[in-house]
Amino acid sequence: MKIRPLQDRLIVKRVAEENKTKGGLFIPDTAKEKPLEGKVVAVGNGKVQEDGKVRPLDIKAGDTILFSKYAGTEIKLDGEEHLILREEDVLGVIEK
């Protein structure tokens with residue numbers, strides 16, 4: 001399925017969380033929190049400003065981002081969990 005987000009929205013796939021701590025202990029599924037890091041799958045055209053001009057997004061598809069804990073709306077695309085976020089919910093781009 002193909003989907004294109006509108007305006008300043010992004011489609012993000014969460015990155016897989018580690019199953020072990022740095023000390024080697026396994027974390028059970030009940031104790032895991034959802035990761036706050038994800039990979040951008042698709043981006044909208046940009047935010048429409050008050051003067052009618054469209055400001056392009058600073059984030060592009062393929063970027064790895066850090067986002068707010070309760071941000072976005074969860075959706076399923078092709079059986080996989082994704083999030084639709086606004087650009088303002090993104091805290092930063094992770095550069096490697």
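Conventions and cut-offs
Residues numbered from 1 in each chain as written. Predicted model: local features only at pLDDT ≥ 70, side-chain atom pairs only at ≥ 80, totals over all residues. Heavy atoms only, no water. Helix = DSSP H or I, 4+ residues; strand = E, 2+ residues; numbered from the N terminus. Contact = heavy atoms within 4.5 Å. Core = buried A, V, L, I, M, F, W, Y, C linked by side-chain atoms within 4.5 Å. Buried < 20%, exposed > 50% of the residue type's maximum accessible area, 1.4 Å probe, protein only. Salt bridge = Lys/Arg side-chain N within 4 Å of Asp/Glu carboxyl O.

Chemist: Just to check I follow, could you spell out the environment of Ile94 for this structure?
Modeler: Among the secondary structure elements, Ile94 is positioned in strand E8 (residues 90-94). The contacts of Ile94, once residues within four sequence positions are left out, are Glu37, Thr64 and Ile65.

Chemist: Got a minute to help me understand the nonpolar core in this structure?
Modeler: Nonpolar side chains tend toward joint burial in soluble globular proteins. Counting eleven residues, the largest nonpolar core consists of Leu10, Val12, Val40, Leu57, Ile59, Ile65, Phe67, Ala71, Leu83, Leu85 and Val90. Where this core is concerned, the elements lending two or more residues are strand E1 (9-14), strand E5 (64-67) and strand E7 (80-86).

Chemist: Sorry if this is basic, but what is going on with the pattern of salt bridges here?
Modeler: Where charged atoms from two side chains of opposite charge approach closely, those side chains can pair. Following the criterion strictly, the structure yields six salt bridges and no others. A salt bridge links Arg86 to Asp8; its shortest N-O distance comes to 2.8 Å. With Arg86 in strand E7 and Asp8 in the segment before E1, this residue pair connects regions lying 78 residues apart in the sequence. Put simply, Lys13 and Glu80 hold a salt bridge, and the shortest N to O gap is 2.7 Å. Highlighted residues: Lys13 in strand E1 and Glu80 in strand E7, separated in sequence by 67 residues. On the basis of relative accessible area, Lys13 is assigned to the partly exposed category, the value being 33%. Glu80 sits in the partly exposed class, given a relative accessible area of 35%. Salt bridges sharing common partners tie together Asp8, Lys47 and Arg86.

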